[in-house]
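One-letter residues, chain by chain:
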Amino acid sequence: MHETLAKMNNKISYLLNTARCVHRCNFVLNPKSSAITRKHILWIGTYRDPLENVNFRKLFLNVFPSLHGSPLRFLSQKIDVFSTDAKIQPEKNTEALMSEQVPQHSLELEKLDDSGSFKGKHVMDQSEPFFNSLQNCTCPCDVLDLASESAVSTKHFTNCLTTLWRLFKNLSEEQQRYEKQLIFEHPAFVKLCQQLLRDSRKMTRGDLVFSLHAAVKLGIPQNTLLVQTLVRVCQEKLNQLDNRCLSVLATTLAGLEKDKNVSALQAGLQLLVEQRIPSIRDIFMLQNLMKCMGKDAPVFLKKQLEMAVLKEIDHLTFSNALRVFFALAAMNYCSIPILNACSKKIQENVHDVPFRPLILILEACYNLQYRNVKLFSALADYVHSAACLWDKRQIVLLLSAFETLGFQPRELMGVFAEKVTQDPEFLNLKNLLIVLRVYSRLYYVPRGQKNLFFETLHSCLIKYLPQISNTELLKAAYSLCILGYLPHQALDELLQKDSRNELLLSDDLYKEQKEMMLRCVKTCMELDSPSFTKPALVPTENGSSLVSLNLRKAREALIQLLGDENMFRQNVQLPYKYHIDFEIRMDSVRKKVLPITATDDGADSSVQRLAFLFVPLSAFCVGTMHPQGKLAMKQRHLNKLGYHVILVLNKKFQEMTNEDAVEFLKGKIYSENAFHFSEVTVQDNY
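What you see is a predicted model; the values in this text were computed from it and never measured.

About the thresholds
- Residues numbered from 1 in each chain as written.
- Predicted model: local features only at pLDDT ≥ 70, side-chain atom pairs only at ≥ 80, totals over all residues.
- Heavy atoms only, no water.
- Helix = DSSP H or I, 4+ residues; strand = E, 2+ residues; numbered from the N terminus.
- Buried < 20%, exposed > 50% of the residue type's maximum accessible area, 1.4 Å probe, protein only.
- Polar contact = N/O pair within 3.5 Å; in protein donor to acceptor, adjacent residues only side chain to side chain.
- Expected span 1.5 Å × (residues − 1).
- Contact = heavy atoms within 4.5 Å.
- Arc of directions from axis to C-beta.
- Pairing = 2+ DSSP bridges.
- Core = buried A, V, L, I, M, F, W, Y, C linked by side-chain atoms within 4.5 Å.
- Axes fitted to C-alpha atoms, helices over the stretch in contact; angles between N-to-C directions.
- Parallel < 35°, antiparallel > 145°, perpendicular 65-115°, else oblique.
- Left-handed = near helix turned anticlockwise from the far one by under 90°.
- Nonpolar A, V, L, I, M, F, W, Y, C, P; charged D, E, K, R; others polar.

A.B. asks: I'm lost on the side chain of Gln570 in this one. Help?
C.D. replies: Here Gln570 is to be found in strand 4 (residues 569–574). Overall, Gln570 belongs to the buried group, its relative accessible area being 15%. In this structure the side chain of Gln570 is engaged in a polar contact, spanning 3.2 Å, whose partner is the side chain of Arg555.

Structure (structure tokens):
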């Protein structure tokens, strides 16, 4: 009886082994078959959250209850990562001995792809069946099938995980959602993670950091025992990591939230990086370290990283230029030489920049307070040249990014204005408010279609009146008024809310800003109304006789030029809360400056009044002397009140010598062109 049962068991075992061999042979001959089958199953199924039914406590043995409160140990005391004499020691454990006898199967580091992920390439013995089969896998579940049937060593399991991530990241976003569900529900994934957990301290340094990187990128929660154990083992082996492994580890840590283990590992990594920087010659590795060090890195370390990048700046590629640009933003460190080199490389390859990096470049420039007119112009011209291929909502986001920088992409704004007038239906309330803000702040009025463009925006605004909030209505009306257009229906609604005290009810931080916008709206309703006529005499009052430090040079130059303080007025206060730095009055032919006292008594229409405004650089659009919205509105209203406005860039004026300052003001006062504003380009890079 026992012999019969033994024979039956042997036959069943033989049958199962035969079936497995047939399955594997079929996979090797036609590796795409399983992928095609799964893909078919994927797309006919109903999508579920891949983490919805996954029991991570069972899957990863344990889950820490709290990242910040878990009793985890800090940096291991077994290895002194703080020692300045620390050297990279070769590993001599079981796995290392195996790797000495057979070719190395770890993933070698390559460059980042467009998604910001590591690419890997296998260096393996092509005669070894397992790694041949692993290389032939075409989808993540094929890797798990292979792992469940053939993986027997730590090297096998670590390469399975990294290959799993390599195949997963090449899928589309929608495919990733479905494939992730299959991965976490696959029985072999539990076995794979448990095996990695058991063998974590036996891994070679390359397998260790790549396994941690793959686990994090696949979405395994950070507070699981698997991820935390890999982090702790990295702490223990930190001094043994070579520069390549440090780069991979830095990229991984940049995507993790701060907890005790991560903070300890990052602190140790920072100390190790300080020692290793002189030996790192790869820009790719340097930018990974820059991103990992982040904003909290000490200034001296940021400068060391900057010098290391500058040494290799001649070998900068377009892809590296993008990454270094973003790494500087992540580190919150504005290195003008590096940014200029990166900008030049980006300009040369601007047509290869996708939409998302375009936005990130502009955001980085804003955060770093980096103003490069040539870079902005190149990006704007690129978008303008292919505007017909871009989605209008994408252009809205780009215009918003340019507006944040204070840069006016004139041609792009003109083309987009045409798109709005032709098809305004795409403008939802959010995009409408963005468009109004952009065009008003940058003060762009489309040529030839001014009324049509404004009427189109007003019509869209009217459509949203039933659902718009009080604050949004105020902002929309304020933007249109800055541009010189009075949206009567929206203004009627606004004034009704104002009469009921609904606009300024909340005591939030923006109350003063709301009061300012409401005051400007009411001023525009008076001064920009067609019924408004220039007054014969504008009531004025003298401000303080004290002159601010940045205007003393202008005052002294005017005294030297005109000979007497009675020939001009300073700190002039006008109605509607407008202020003039200096006022000068001249005869009708603009040849002679008249004393202020001689013209105060009556309203002489032959008297020409000049208003000098000394304004900061931030009042103009970047790279030009084109005034932004508030200044342009003030200039328009002063013209309505009978003043010829002369705008002076205070920064440039302060840099002049006294003699040059006098000649400059003389040219502005007596030149006929001084009364007509014309936009000029500022050549200096600032």
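From this point, the discussion proceeds with the structure in view.
A.B. asks: Can you walk me through helix 21 (residues 410–422) in this structure?
C.D. replies: Along an α-helix, a turn takes 3.6 residues, which lines up residues three or four apart on a common side. Compared with the 18 Å implied by 1.5 Å per residue over 13 residues, the 19 Å span of helix 21 between its first and last C-alpha is a close match. Along helix 21, the positions that sit buried rather than exposed are Leu412, Met413, Gly414, Phe416, Ala417, Lys419, Val420 and Thr421. Looking at the packing, one finds that the buried side of helix 21 touches helix 19 (373–385), helix 20 (392–405), helix 22 (429–441) and helix 23 (450–463).

A.B. asks: Is there a simple way to think about helix 27 (residues 549–562) in this case?
C.D. replies: The end-to-end C-alpha distance of helix 27, which contains 14 residues, comes to 21 Å, matching closely the 20 Å that a straight helix rising 1.5 Å per residue would cover. Residues Leu551, Lys553, Ala554, Ala557, Leu558 and Leu562 constitute the buried set of helix 27. Seen along its axis, helix 27 keeps its buried residues to an arc of 145°; they face one direction. Looking at helix 27, the residues exposed on the side facing more than 90 degrees away from the buried face are Leu549 and Gln560. Contacts from the buried residues of helix 27 go to strand 5 (578–586), strand 6 (593–594), strand 7 (608–615), helix 29 (650–655) and helix 30 (658–670).

A.B. asks: It is not clear to me how the pairing of strand 4 should be interpreted in this structure. Could you clarify?
C.D. replies: Looking down a regular strand, the side chains alternate between one sheet face and the other. Among the 6 residues in strand 4, 5 count as buried, and that is most of the element. Both strand 4 and strand 5 contribute to a ladder of 5 bridges, which runs antiparallel. Of the residues in strand 5, the one forming a bridge with Gln573 is His579. Following strand 4, the chain reverses through 3 residues before pairing antiparallel with strand 5; Tyr576 in that reversal takes a positive phi of roughly 65°.

A.B. asks: How do you make sense of the nonpolar core when you look at a structure like this?
C.D. replies: What tends to happen in soluble globular proteins is that the nonpolar side chains get buried as a cluster. Judged by nonpolar contacts, the single largest core of 183 residues is most densely connected at Phe325, Ile346 and Tyr439. The element contributing the most residues to this core is helix 16 (residues 318–331), with 9 residues. Residues in contact with Phe325, not counting those within four places in the same chain, are Leu339, Cys342, Ser343, Ile346, Ile361, Ala364, Cys365, Tyr370 and Leu375. In this structure, Met567, Ile584, Phe653 and Val662 belong to the second largest nonpolar core, which totals 21 residues.

A.B. asks: What is the right way to read the packing of helix 20 against helix 21 from this model?
C.D. replies: When two helices pack together, their arrangement is given by the angle between the helix axes and by the axis-to-axis distance. In contact at an axis separation of 11 Å, helix 20 and helix 21 are set at 140° when each is read in the N-to-C sense. Here helix 20 is positioned oblique relative to helix 21, judged by the angle of their axes. Here helix 20 and helix 21 pass one another in a crossing that is left-handed. Contacts between helix 20 and helix 21 pair Lys392, Ile395, Val396, Leu399 and Phe402 from the former with Leu412, Met413, Phe416 and Lys419 from the latter. Of the residues contributing to the contact of helix 20 with helix 21, the split by class is 7 nonpolar, no polar and 2 charged.

A.B. asks: Sorry, what's going on with unusual backbone geometry here?
C.D. replies: Peptide bonds are mostly trans, and most non-glycine residues show a negative phi. We note that Asn571 has phi near 50°; this positive angle belongs to a residue other than glycine. Its location among the elements puts Asn571 in strand 4. For Asn571, a relative accessible area of 12% puts it in the buried group. Phi at Lys577 takes a positive value of approximately 60°, unusual for a residue other than glycine. Within the secondary structure, Lys577 sits in the loop between strand 4 and strand 5. Residue Lys577 is classed as exposed on the basis of its relative accessible area, which comes to 67%.

Coordinates in, geometry out; function isn't part of it.
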